[in-house]
Amino acid sequence: MNKSRKFVSILLAVFFIAAAMPMITVRAQEFESTAKSYALIEANTRQIIASENGDEKFHAAGLTKLMSYLLFFEALADGKVRSEDSVRVSQEAAKKGGTSVFLDSGTSYSFETLLKPAIMCNANDAVTALAEHVAGSEAAFVELMNARAKELGLSCTFADCTGISSESLVSANDLAVIAAELSKYSGFFKYSAIWLDTFTHESGRETEMSNSNVLIKNDLYDGMSTGSTPSSGYSAAISAKSGGGRFIAIVIGDKDTGSRFKLAEELIGYAIATFGVKQIAQQGGKVKTLPVANGDVKEVGVYAKEDLSILYKKGEEGSISTNIQVDDLAAPLQKGQIVGKIVITAPEGEISVALAVDQDVKEQSFGSGWRRLIRGFLGLTEYAEPGVVAP
C-alpha cells in the first residue's frame, strides 16, 4: 500500500453496549500509515475511536486467533472445560504449519499448560489442540467461531482456528470488538505479556518460546497478538491500560514488522493523550437504597442492570452530569423489577441504564405492621445489608 497521510474520523460519544446515543464526528490528527487497515477502540465502552478501511475484510493471519482465545476463555468461564482438563494432541494439531511449539502427536497436557504457548507465542499446534478439545474437532470449533461472531454483530468469516487459511477474512473494526471482548479475561494477559519462556514437553524435551509482540517490553503495553504471511502483510493487536480505560489498536497488512508497531504506538498514544474513561455503574452493583410505601420492609436497594462507562475527551469532564431517576416505590415489588434509570448527560448527548430492585417486597400485612412498630420502638434496623452504603 502506498504511503499516505489519512484523516481519521473520531466518534466522540458517551457509549455503552446496551444503549444507542447520538455521536459526533470530529476531525482528528493525521496518522501516517502504510497498513491496509487499522482501528482503535476503547474496550470498556466498545467505542471505536479511529478507523481506516475499518469495515473492509482482509486475511489478518494470526489475528484470527483472537476469536479462538475468546472462545477458550468463555468455555472456561462457562465450565464447559476446566484448566486441569487433559488435552490430547492429535496428529492434525501436531502437524500444523506456521508458528509452532513442536508438540508431539499423542502427547497430553493440561488445558492451562497449552494456553501459554497458544497465547504467548501464537503456537498453531497448541491452538488447534485446544480448539479440538473444546469442540471435538477444528471444523466444529470454526462453527463456534462464526456463531460467536454473529452474536457480536460482526460480519467476519472464519475458515480455521489459526489464521493459516486465507479464507479467514475479518475487518479491523470486527477484530477490535473481539479484542475488547477478550480483554475482559485477565487470564489472557497472564500469558500475553510474557516475553520469553520455556515449554517442557512430555518427554522432557524443551522448546524456547518468544513473544513476537516487542511492545510488551514497555510496561505500558500488556499484550494481545501478532500475525504475518507474505501475502497478508504484517498485522498486530496491541493493548494498553491508562486513565481508567483500555485502548486497543488493530493494524492489518502493514509493509513490515516495524511499521505495524509504530502505527499501533501512535494510535494508542493519541488515545491516552486525548481520552479518559469513567465507570458510572457496574452491572449488579447497588446504586441507592430507597424507601418503599406499604411494604413488609421499609427500604429496598436498587442496582444497575448493565455496566455503564463513558468515554470523554479530556478537559470536558465538567460538562458530564449524572442523574438518578426513580419513581416513588410502593409494594408489591418483584426482584429484578425495573423502577428507574441512571441518566448521563454529556455534550454529545444522553444515555441511560435501567435500575432494578434487588429483592421481593410484599405488601404490608397486619402482622408485619405490628412487627415493624415493635422493632421501631426497640430501635432495631428494619433493613440492612453489611458493606453497602447508599450514595
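Keep in mind that this is a model prediction, so the values were computed, not measured.

1. Describing the overall build of the protein
Secondary structure assignment for the protein yields 9 helices and 21 strands. Sequence-distant contacts, at least 24 apart, represent 64% of the contacts inside the protein between residues at least 6 apart. Entry remark: accessible area of the protein is about 17,700 Å², with carbon and sulfur atoms responsible for 49%.

2. Looking at the packing of aromatic side chains
Applying the stated criterion to the full structure yields 10 aromatic pairs. With 5.5 Å between their ring centres and 85 degrees between their planes, Phe-31 and Tyr-270 make a pair best called edge-to-face. One end of the pair, Phe-31, is in strand β2 (residues 24-33); the other, Tyr-270, is in helix α8 (residues 257-274), with 239 residues separating them in the sequence. Neither Phe-31 nor Tyr-270 differs from the other in exposure class; each is buried. Residues Phe-73 and Phe-188 carry aromatic rings whose centres are separated by 6.4 Å and whose planes lie at 85 degrees to one another, so their mutual orientation is edge-to-face. With Phe-73 in helix α1 (residues 65-78) and Phe-188 in helix α7 (residues 186-192), this residue pair connects regions lying 115 residues apart in the sequence. Cluster of aromatic residues (ring-pair linked, three or more members): Tyr-69, Phe-73, Tyr-185, Phe-188 and Phe-189. When the ring centre of Phe-189 is taken as reference, the NZ or CZ atom of Arg-246 above it lies at 4.0 Å.

3. Digging into the nonpolar core
Ranked by internal contacts, the top residues of the largest apolar core, which has 64 residues, are Leu-66, Tyr-69, Phe-72, Leu-114, Leu-175, Ile-178 and Ile-250. Formed by 25 residues, the second largest nonpolar core is a distinct cluster that contains Leu-215, Ile-238, Leu-263 and Ala-264.

4. Things to note about the pattern of salt bridges
For the coordinates displayed, the defined rule picks out 14 salt bridges. Arg-148 is paired through a salt bridge with Glu-151; the nearest N and O atoms lie 3.2 Å apart. Note that Arg-148 and Glu-151 are positioned in helix α5 (residues 138-151) at a spacing of 3 residues, about one turn of the helix. Among the residues examined, Glu-151 registers a relative accessible area of 61% and is labelled exposed. With a shortest N-O distance of 2.8 Å, Glu-266 and Lys-262 are connected by a salt bridge. Residue Glu-266 and its partner Lys-262 are located together in helix α8, separated by 4 residues, close to a single helical turn. By relative accessible area, Lys-262 is classed as partly exposed at 46%.

5. What to know about α8
Compared with an ideal rise of 1.5 Å per residue, which puts 18 residues at 26 Å, α8 spans 26 Å between its outermost C-alpha atoms and is within 8% of the ideal. Restricting attention to buried positions, one finds in α8 the residues Ser-259, Arg-260, Phe-261, Leu-263, Ala-264, Leu-267, Ile-268, Tyr-270, Ala-271, Ile-272 and Thr-274. Measuring from the backbone nitrogen of Gly-258 back to the side-chain oxygen at the start of α8 gives 3.2 Å, which picks out Asp-256 as the cap.

6. Thoughts on the sheet that holds strand β13 (residues 245-254)
Taken together, 5 strands build an open sheet; the order of strands is β4-β3-β13-β12-β11 and the sheet is antiparallel. Looking at which strands have only one partner, the edges of the open sheet turn out to be β4 (47-52) and β11 (221-229). Within the sheet, the average angular offset between the axes of one strand and its neighbour, ignoring direction, is 10 degrees. Looking at chain direction, β11 and strand β12 (residues 233-242) are connected through 8 bridges and run antiparallel. When the bridges of β12 are listed, Thr-229 appears paired with Gly-233.

7. Observations regarding the sheet that holds strand β19 (residues 329-330)
On the basis of which strands lie adjacent, the open sheet formed by 6 strands has the order β18-β20-β21-β16-β15-β19 and mixed pairing. Looking along the sheet, the strands with just one partner apiece sit at the ends: β18 (321-326) and β19. Direction of pairing for strand β15 (residues 286-293) relative to strand β16 (residues 299-304): antiparallel, over a ladder of 5 bridges. Bridged to Leu-290 within β16 is Val-300.

8. As for the pairing of β13
Where burial is concerned, most of β13 is hidden: 10 out of the 10 residues are buried. Taken together, the 6 bridges between strand β3 (residues 37-42) and β13 define a ladder with antiparallel strand orientation. Bridge pairing links Ala-39 to Ile-250 in β13. Examined bridge by bridge, β12 and β13 share 8 bridges and lie antiparallel to one another. Of the residues in β13, the one forming a bridge with Ala-237 is Ile-250. Hairpin geometry of β12 and β13 is characterised by an intervening segment of 2 residues between the two adjacent antiparallel strands and by a positive phi of about 60 degrees at Gly-243.

9. Comments concerning the confidence of the model for the protein
Per-residue pLDDT for the protein has a mean of 88; in total, 85% of the residues score no lower than 70. Counted against residues more than four places away or in other chains, residues 1-28, with its pLDDT under 50, gives 91 contacts. Below a pLDDT of 50 lies the segment residues 382-391, which in the model reaches 19 contacts outside its immediate sequence neighbourhood of four places, other chains included.

10. Overview of the side chain of Asp-160
Mapped onto the elements, Asp-160 comes out in the loop between α5 and β8 (170-171). No salt bridge is formed by the buried Asp-160; the nearest opposite charge belongs to Lys-96, separated by 5.2 Å. Side-chain polar atoms of Asp-160 contact the side chain of Ser-168, separated by 2.8 Å. Dropping the residues within four chain positions of it, Asp-160 is found in contact with Thr-64, Glu-138, Val-142, Met-145, Ser-165 and Ser-168.

Cut-off values and rules
- Residues numbered from 1 in each chain as written.
- Predicted model: local features only at pLDDT ≥ 70, side-chain atom pairs only at ≥ 80, totals over all residues.
- Heavy atoms only, no water.
- Helix = DSSP H or I, 4+ residues; strand = E, 2+ residues; numbered from the N terminus.
- Contact = heavy atoms within 4.5 Å.
- Areas by Shrake-Rupley, 256 points an atom, 1.4 Å probe, with all protein chains shown as cover.
- Phe/Tyr/Trp six-rings, centres within 6.5 Å; stacked < 30°, edge-to-face > 60°.
- Buried < 20%, exposed > 50% of the residue type's maximum accessible area, 1.4 Å probe, protein only.
- Lys NZ or Arg CZ within 6 Å of the ring centre and 35° of its normal.
- Core = buried A, V, L, I, M, F, W, Y, C linked by side-chain atoms within 4.5 Å.
- Salt bridge = Lys/Arg side-chain N within 4 Å of Asp/Glu carboxyl O.
- Expected span 1.5 Å × (residues − 1).
- Polar contact = N/O pair within 3.5 Å; in protein donor to acceptor, adjacent residues only side chain to side chain.
- Pairing = 2+ DSSP bridges.
- Axes fitted to C-alpha atoms, helices over the stretch in contact; angles between N-to-C directions.
- pLDDT = per-residue confidence, 0-100.
- Lys, Arg positive; Asp, Glu negative; His and termini not counted.

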